[in-house]
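Chains, contacts and geometry: an overview
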Amino acid sequence: MMNKKNSKENFLSRKQFQLLIVCVTMGFIIGYSYNQAKDNRDAGSTNKELLEQEDSYREELIAQQERNKELSEEATALQEKIRKYEKSFVASKKDYTKLVEEAEDLRLLLGDLNAEGKGIRITLQDGDYNPKSANPNDYIVHESHIFKLLNELKISGAQAIAINGQRVLANSYIRCNGPVITIDGKQHPAPFVVEAVGDSATLIAALNLNGGVVDQLLNDNIVVSLEEDQKLTMPKAKVES
């Protein structure tokens, strides 16, 4: 009787043990399948992100290539403009040279540059007073005489002009006050030495025309002396602060 009972207990233990093994195995299989499915989902998600990032990089690369192409075309167009400017500059080099020379002449007239070169020197002095004359002013150098001389010199191509060493500018103010003249606020007594830088032959010929400036000055009893100078030097005009 006892043997049957033990056999039955052993039988149940084996069945329970087998069931336990089956359960453990099934649990392992289920757990492994779950983890594998999870890993597959994670891998799929990662692959999707990588694909999306790759697409984004590809689009940025395409956009950058397009921009590089545009910049290359712009650079080519600018180089073509530069070549056209260079050709234009070479073709009109004489015009540019002439403009530069004219600009230098204007700076000389404005007194912005030192003036040096050939030219002429004209000296104006009051005439000898004649007691029989009713008006002594008829023998004095006036601003009108200075203006006549300056205008003729400028018309004849004088590049720079000075009176008693003071540069005369395009907007200089000249006024006569008895035996002295005032140039831009500075007084100068007679004699008045007018120097002009320029082509001396042209300047002398213009002043000595029949009925020209020299003849008019002599008719007004002004003593005039005219000489050529091979090297005149004039400092640039001083601007009062």
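These notes cover the structure that comes with them. Predicted, not measured: the structure shown is a model, and the values here were computed from it. (Residues numbered from 1 in each chain as written. Predicted model: local features only at pLDDT ≥ 70, side-chain atom pairs only at ≥ 80, totals over all residues. Heavy atoms only, no water.)

**A few points about the environment of Thr 182**
Cut-off, in case you're wondering: Counting from the N terminus, the helices are the DSSP runs of H or I reaching at least four residues and the strands are the DSSP runs of E reaching at least two. Exposed residues in this analysis have more than 50% of their type's maximum accessible area, buried residues have under 20%, and partly exposed residues fall in between, with area computed by a 1.4 Å probe over protein chains only. When checking whether two residues touch, look at their non-hydrogen atoms; a contact exists if any pair is within 4.5 Å.
Tracing the sequence through the fold places Thr 182 in strand E5 (residues 180–183). Judged by its relative accessible area of 6%, Thr 182 is buried. A C-alpha to C-alpha distance of 9.1 Å links Thr 182 and Glu 143, two positions 39 residues apart in sequence. Non-local contacts of Thr 182, meaning those with residues more than four positions away in its chain, are made with Tyr 173, Ile 174, Arg 175 and Gln 187.

**Details of the sheet that holds strand E3 (residues 166–167)**
One key point about sheets: their strands pair by backbone hydrogen bonds, in either a parallel or an antiparallel sense. Using the following cut-off: Think of it this way: DSSP has to see at least two bridges between two strands before they count as a pair. Axis angles are defined between N-to-C directions and span 0 to 180 degrees, where every axis is a line fitted to C-alpha atoms and, for a helix, only to the segment in contact.
Spatially, five strands are ordered E3-E2-E7-E1-E8 in an open sheet, and the strand pairing comes out antiparallel. Edge positions in the open sheet fall to E3 and strand E8 (223–234), since each of these has one partner strand only. Summarising the sheet, strand E2 (residues 160–163) and strand E7 (residues 192–197) pair through four bridges and their orientation is antiparallel. The residue of E7 that forms the bridge with Ala 160 is Val 197. Set on the sheet, helix H4 (residues 200–207) makes contact with strand E1 (115–125), E7 and E8; between it and E1 the angle comes to about 25 degrees.

**Description of helix H3 (residues 143–155)**
Here is the rule: Multiplying one less than the number of residues by 1.5 Å gives the expected span of a helix. The reported arc concerns the directions from the helix axis to the C-beta atoms and nothing else.
Across its 13 residues, H3 extends 18 Å between first and last C-alpha, which sits within 8% of the 18 Å expected from 1.5 Å per residue. Within H3, burial applies to His 145, Ile 146, Leu 149, Leu 150 and Leu 153. Projected onto a plane normal to the axis of H3, the buried residues spread over an arc of 125 degrees and lie on a single side.

**Structural notes on the nonpolar core**
Heads up, the condition is: Among buried residues, the Ala, Val, Leu, Ile, Met, Phe, Trp, Tyr and Cys ones that are joined through side-chain atoms within 4.5 Å form a nonpolar core.
Formed by 25 residues in total, the largest nonpolar core has its most connected members in Ile 146, Leu 153 and Ile 163. Contributing elements (two or more residues each) for this core: E1, H3, E2, strand E4 (174–177), E5, E7, H4 and helix H5 (213–219). Residues contacting Ile 146, with those up to four places away along its chain left out, are Leu 124, Val 141, Ile 163, Ile 174, Ile 181 and Phe 192. In terms of nonpolar packing, the next biggest core, distinct from the first, is built from six residues, Ala 115, Ala 162, Val 197 and Leu 232 among them.

**Structural notes on a nonpolar patch on the surface**
Where we set the bar: Note on patches: the residues involved have over 30% relative accessible area and no salt bridge, like charges join within 9 Å, and the nonpolar side chains Val, Leu, Ile, Met, Phe, Trp and Tyr join within 5 Å. Per-residue and other accessible areas follow the Shrake-Rupley method at a 1.4 Å probe size, with only the shown protein chains counted as cover for residues. For this analysis, a salt bridge means a side-chain nitrogen from Lys or Arg found within 4 Å of a carboxyl oxygen belonging to Asp or Glu.
A contiguous nonpolar patch, built from Met 26, Ile 29 and Ile 30 and spanning about 290 Å² of accessible area, is present on the exposed surface. For Ile 29, a relative accessible area of 43% puts it in the partly exposed group.

**Points about the side chain of Ser 200**
Note the cut-off: The definition of a polar contact used here is a pair of N or O atoms within 3.5 Å, where within protein one atom must be able to donate a hydrogen and the other to accept one, and adjacent residues in sequence count solely through side-chain atom pairs.
Here Ser 200 is to be found in helix H4. Ser 200 sits in the buried class, given a relative accessible area of 9%. Among the polar contacts made by the side chain of Ser 200, one reaches the side chain of Glu 228 at a distance of 2.8 Å. Look past the residues within four positions of Ser 200 in its chain and what remains in contact with it is Gly 119, Ile 120 and Glu 228.

**Details of the side chain of Asp 229**
As for its placement among the helices and strands, Asp 229 is situated in strand E8. Classification of Asp 229 by relative accessible area gives buried; the value is 14%. Contacts of Asp 229, omitting those with residues within four sequence positions, involve Lys 118, Gly 119, Ile 120 and Arg 121.

**Quick look at the pairing of E1**
Burial analysis of E1 places eight of its eleven residues in the buried class, the great majority of the element. Sheet topology places E1 next to E8; ten bridges connect them, and they run antiparallel. When the sheet's bridge partners are listed, Thr 123 is paired in E8 with Ser 225. Pairing of E1 with E7 involves six bridges; the strand directions are antiparallel. Looking at E7, one finds that Leu 124 is bridged to Phe 192.

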